[in-house]
Amino acid sequence: MRVALSITAGALLLGGCREPPGFACSTDEQCMSLAGNAGLCFPIGACGYLDPACASGYRYSGNAPEPWANACVVPEDSMGTTSSGDASSTQGPSTGGGSSDGSGSSTTGPTPPECGNGAIELGELCDDGNDREADGCNPDCRPSGMLLLNFSSSLEGDDQAEAAMLTPDGDIVVAGMFGPSGARDGFVTRFRPDGATVWTRTMAGSAGRSDAIWALAPSPTGNVRALGQIVNAVEPTKKMMKKEVTPREDFWLTEFDATTGDTQWSFVVGDEPPASERGYAMVSLPSGDMVVAARVGAPSNSDFGVIRFAVADEGKSGMVISTVWSQTFDGGESLRDFAEAVAYDPAGRVVVGGTMEYEPADLDRHLRALDLDGNAFEPPCEDLGGDDDLAADDRIFAVAVGPSGEVAAAGRATRETEESTDAWLGYYPPGSCALQWVETQPGPGQDADAFTSVAIDDLGNIVAAGYLNSGNTEDAWLAKYDTTGEQLWAVEPVDGSGNGDDRIEAVVLGPGREITVAGRMTRPGEDDTWVARYTP
């Protein structure tokens, strides 16, 4: 069965009450733990949370009424039944009936359920009679787009995630910025799936200005690579005639040990001020080199930049970084051109997306493919955008390469009325830079909307995330599309309790195609890094 499905994530994330001791629930919205994990309200009136040690996959809260507190969820009836957590049990939650001797021990349930037979049985949350993923009910009988985990950071003050990656053992690494506006520092944090912090590292330039980490990528050995911008104070030189020079941004490239967070190497790369460079995105190549998508030059007069870096151990000299090649592209005016996205195609392409300002006040999407030596990929692969007369603000913020070499690009596009922008998703068939289809999504407020991140799973389905404007504020949004551009499902826009601008800035896919997102969620008085995970 193929249907468009809308999952109400906002209520699960932020609505309802957090449980006091002895809490009895009546709706799922009330089952949000103090750790920020969303659970389910089971028919006995108790909250249950994901726990792989239980055969059902869920364990009742410690605040559930007795005798269910901390017990595994098993087939319920009006009295309720519990289990000590025996992993050999095949029983699970259900909306059906059962029996109990009232002793609090496990009861014998019906025969094990068969997912895909069209009947919702014990342990199943849905069953649509087929084994197709993302059609509303997945092959494991969980709804498509169901919230699995949700937590916020413990950093003090305002902070937000701009990038995310997964470790091989399932932890989540996020990076971004924290601190007051105008004097922010960068951070990288490794979280457990329950939101516990494993380690945090920060990055601050000596100028006390806005530093940030924009991108993460796994190294070939599984470590964490980070790309950011750093602003250091400038010591005048003779060349500068001892004049005061405004500090400008440089690249900051670092590799951390994924387990301990220890720095393996770290470099600041850039020309002397007043030159300015900002790296927005990064990908690791199989060789261990890195390709960075960048803005080269001042914000008002910059070029679309792509740079390949190599890091090597040169013995007594230690670790050194070198530029393998660098390419910049100019839209033809002394205006704003910048690359904001990069992905590696195993066919030998480096796919880069961003923006060109060919005419003043007319920003157009730009996508091109280079070979590993920095040359134009052959046959030529380029999307120049700029196919209308609007004074537009059309940008590519993220790109992803699929299993067959197809490319998805995410960004924003100006509406024909020129009043604002819609979230924009473009699809380029394998080996091509010619758009095959485009999908746009306007927010309910008909204001500035955007997709900021995109991923393609091993089935070829596309996950796009970002934010939609509700009229006064932005709400985080996530949707999934098939290879034809049809929307398979979408969450309801997620609105933080602070009623501010909430965004998804990064999306990554796990081994089971589960979707992890990271961004910003507003709370009363502050903004927090936010992480959530959904079923495929």
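Residues numbered from 1 in each chain as written. Predicted model: local features only at pLDDT ≥ 70, side-chain atom pairs only at ≥ 80, totals over all residues. Heavy atoms only, no water.

Caption draft 1: Molecular detail of the overall build of the chain. Helices and strands together make up the secondary structure of the chain, namely 1 helix and 34 strands. Within the span of the chain, comprising 536 residues, buried residues form 55% of the whole. For the chain, contacts bridging at least 24 residues in sequence account for 48% of all contacts bridging at least 6. (Helix = DSSP H or I, 4+ residues; strand = E, 2+ residues; numbered from the N terminus. Buried < 20%, exposed > 50% of the residue type's maximum accessible area, 1.4 Å probe, protein only. Contact = heavy atoms within 4.5 Å.)

Caption draft 2: Expanded view of the pattern of salt bridges. Within this structure, the stated rule accounts for 24 salt bridges. Notably, a salt bridge pairs Asp-169 with Arg-190, separated by 3.0 Å at the nearest N-O pair. Of this pair, Asp-169 sits in the loop between strand E8 (159–166) and strand E9 (172–178) while Arg-190 sits in strand E10 (residues 185–191); the two residues are 21 residues apart in sequence, bridging distant segments of the chain. Judged by relative accessible area, which is 5%, Arg-190 ranks as buried. Between Asp-458 and Arg-513 there is a salt bridge, and its shortest N-O distance comes to 3.0 Å. (Salt bridge = Lys/Arg side-chain N within 4 Å of Asp/Glu carboxyl O.)

Caption draft 3: Summary view of the sheet that holds strand E17 (residues 290–298). With antiparallel pairing, 4 strands are arranged side by side in an open sheet as E16-E17-E18-E19. Edge positions in the sheet fall to strand E16 (277–284) and strand E19 (319–329), since each has one partner strand and no second. Taking each pair of neighbouring strands and ignoring which way they run, the sheet shows an average axis angle of 25°. Taken together, the 9 bridges between E17 and strand E18 (residues 301–313) define a ladder with antiparallel strand orientation. Directly across from Val-292, in E18, lies its bridge partner Ile-307. (Pairing = 2+ DSSP bridges. Axes fitted to C-alpha atoms, helices over the stretch in contact; angles between N-to-C directions.)

Caption draft 4: Summary view of the pairing of strand E26 (residues 421–428). Most of E26 is tucked away, with 8 of its 8 residues classed as buried. Direction of pairing for strand E25 (residues 407–414) relative to E26: antiparallel, over a ladder of 8 bridges. Of the residues in E26, the one forming a bridge with Arg-412 is Ala-423. Note that E26 and strand E27 (residues 437–441) share 5 bridges and pair antiparallel.

Caption draft 5: Main features of the nonpolar core. In this structure, Ile-462, Leu-478, Val-517, Trp-530 and Tyr-534 are the most contacted members of the largest nonpolar core, which totals 38 residues. Leaving out residues up to four positions away in the same chain, Ile-462 has contacts with Ala-408, Leu-425, Tyr-427, Trp-437, Val-454, Ala-455, Ile-456, Ala-479, Lys-480, Tyr-481 and Asp-482. Counting 16 residues, the second-largest nonpolar core is a separate cluster that includes Ala-343, Ala-369, Val-399 and Val-401. (Core = buried A, V, L, I, M, F, W, Y, C linked by side-chain atoms within 4.5 Å.)

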